[in-house]
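The chain contents come next:
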Amino acid sequence: DAAAVYPAAGRRRWHVLLFPLPYQGHINPMFRLAGVLHGRGFAITVFHTDFNAPDPARHPDYRFVPVPVPDGMSGPAPVAIEDVVAHIDAMGRACEAAFRDRLAAVLEEYSRDAVACLVADTHLLPVFEVATRLALPTLALRTGSAASYACFAAYPMLCEKGYLPVQVQDLQLDMPVNELPPFRVRDLIHIGKDSHDLMCEMAARLVTAVTKLSSGLILNTFDALERRELEGVRRDLAVPVFDIGPLHKFSPVGGSSLLCQDRSRLEWLDAWAPESVLYVSFGSLASMSARDLVETAWGIAGSGVPFLWVVRPGLVHGCASEGSHQQQLPEGFEAATRERGRVVAWAPQEEVLRHRAVGGFWTHSGWNSTTESICEGVPMLCRPYFGDQTGNTRYVEHVWRVGFEVGGDLERGSVEAAIRRLMTDKDGAEMRARAGELKKAAAVCTSGKGGSSCMAIDKLVTHIMSL
Ligand code: UDX
């Protein structure tokens, strides 16, 4: 029975079931949400695929239910964005039947009355459909910004008005999208013209999951960052919206990293002056050409700025996914930068950003990285690759003014100049000062009873109990 497999089940009457999308940038916020809900007394059960499966040993308080997917779906993560989008769709459909069986078994085991709801990633429409058929209420977790949700919701309009699909040679890339300020066409979530239909379908599935099947939308954002965008999303939705972010501030020890975090360089950071080190990381999926890596490396070297750089396995296209950073970096780079730089395969990012020596972050502008940087008052160099990263960059540069984009072709000279601008120029110091103000505003949202995100968590807990 439930008490046997989940020791706290007898004490904790209410179970919340979770199903994250199995990608790092989505797993982290879901586990942080799990931490928040567990802290409020809910028992947590996590459904997961074999692909990017979490390690149950690191979460002894939660119960894990594997949902098998057919052979061939649990191999290495796809690299190209078109393949990621297709993989997300295929994954949802592939696990549908097995999830139905597992969910039915869990509902019977816990007793239906003891299960409050299922929280699933907005990308997993089939999971919402299964739960709905079994009369289980669902909540949707959108792990990106409110603005990125609004972009997905606006997809039919954006296509109808001709903003999408974006033409690669389009002279209109800088045209403002008047219906969705401050986005320009280039900032919209989009994909190559040939795969435009895939993206339309993804947007439609996501919006259906939220508007037709869920009892509320949870967003990993906060009032001080996106008040206007949150008002817009609330205006358009019939279900409540819970802006409970940034979740990593409520649940810091996530333990959900898929790669082993190399902590050995935290001590190395101690030796550097405050705000002098550039942290460089492009998240878990973005990948670059061998040429761009070479220009990035020599640009970093030429800037003369101390750095900690994450070169994860598979960062460079075509390099074997297990390729170490030594294999990916240009010859002579490590020797040339030994005095003031370190390269790791994967870092404890939140701790690195929190370290007093770190004064800038060169990022791909994933939403987690963006909020983690903002919460530590660290300004950013942005090099967006796909998806919501272009829109996040637009907000960083144009709205919050805590960083700027490194656009165009990467050349070592322009990389050097951008790094110096961020790290040593007056301009960068002003961005750092504004990032410091945003850090304080984030702390107000997440602290004390009156903080907007704290109140949103209270409302979410009440809502879950009422379902
Ligand atoms: C993906 C998308 O690219 C992103 O745009 C979307 O918002 C979420 O899904 P990802 O590319 O992995 O995510 O980026 P990001 O959202 O920044 O998430 C990366 C996570 O990995 C962060 O929580 C970060 O702290 C963690 N990380 C990154 C590490 O723990 N160590 C590292 O070395 C680098």
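Residues numbered from 1 in each chain as written. Predicted model: local features only at pLDDT ≥ 70, side-chain atom pairs only at ≥ 80, totals over all residues.

1. A closer look at the overall build of the protein
Cut-off, in case you're wondering: Helix numbering and strand numbering both begin at the N terminus, where a helix is a DSSP run of H or I of at least 4 residues and a strand a DSSP run of E of at least 2. For the radius of gyration, the atoms used are the C-alpha atoms, and the globule rule reads 2.2 Å times the number of residues raised to 0.38. Partly exposed residues are those falling between the two cut-offs: more than 12 but fewer than 20 other C-beta atoms within 10 Å of their own, whereas 20 or more means buried and 12 or fewer means exposed, with C-beta atoms placed from the backbone. By definition, residue pairs are in contact when their C-beta atoms, positioned from the backbone, come within 7 Å.
Helix and strand counts for the protein stand at 20 helices and 13 strands. A compact globule built from 467 residues should have a C-alpha radius of gyration of about 23 Å, and the protein, at 22 Å, falls within 12% of that. Projected onto its principal axes, the C-alpha positions of the protein cover 65 × 50 × 50 Å. Sorting the 467 residues of the protein into buried and exposed places 48% on the buried side. Sequence-distant contacts, at least 24 apart, represent 71% of the contacts inside the protein between residues at least 6 apart.

2. Remarks on the site of the ligand
Just so we agree on the cut-off: Residue proximity rests on one test: whether the C-beta atom, placed from the backbone, lies within 6 Å of the molecule or strand. Residue type decides the class: Asp, Glu, Lys and Arg count as charged, Ala, Val, Leu, Ile, Met, Phe, Trp, Tyr, Cys and Pro as nonpolar, and the leftover types, Gly among them, as polar.
Every one of the 27 residues lining the ligand counts as a neighbour, but G25, G283, S284, G366 and S369 are closest to it. If you list the elements that add at least two residues to the shell around the ligand, you get α2 (24-39), α15 (349-354) and α16 (367-375). Class assignment of the residues belonging to the shell around the ligand gives a composition of seven nonpolar, 17 polar and three charged.

3. Thoughts on the sheet that holds strand β7 (residues 241-243)
Note the cut-off: For two strands to count as paired, DSSP must find a minimum of two bridges between them. Only C-alpha atoms enter the line fits that serve as axes; for helices the fit covers just the stretch in contact. Angles between N-to-C directions range over 0 to 180 degrees.
The seven strands lie next to each other as β3-β2-β1-β4-β5-β6-β7, forming an open sheet whose pairing is parallel. Whereas interior strands pair on both sides, the edge strands pair on one side only; in this sheet they are β3 (63-67) and β7. Pairwise comparison of adjacent strand axes, ignoring direction, gives a mean angle of 25 degrees for this sheet. Sitting on the sheet, helix α20 (residues 452-466) is in contact with β1 (15-19), β4 (115-121), β6 (217-219) and β7, with an inclination near 140 degrees to β7.

4. Observations concerning helix α18 (residues 412-423)
Our working rule: Here, expected helix span is obtained from the residue count minus one, scaled by 1.5 Å. Think of it as the arc spanned by the lines of direction from the helix axis to the C-beta atoms.
Given a rise of 1.5 Å per residue, 12 residues ought to cover 16 Å, and the 16 Å separating the end C-alpha atoms of α18 matches this to within 8%. Considered for burial, the residues of α18 that qualify are V415, A418, I419, L422 and M423. Each buried residue of α18 sits inside an arc of 115 degrees when the element is viewed along its axis, so together they form one side. The inward-facing, buried residues of α18 contact β8 (277-281), α12 (290-303), β11 (358-363), β12 (380-382) and α19 (426-446).

5. Topic: α2
The terminal C-alpha atoms of α2, which comprises 16 residues, lie 22 Å apart, in line with the 22 Å expected from a rise of 1.5 Å per residue. Listing the buried residues of α2 in full gives H26, I27, N28, P29, M30, F31, R32, L33, A34, G35 and L37. A positive phi of about 100 degrees marks G41, the residue just after α2.

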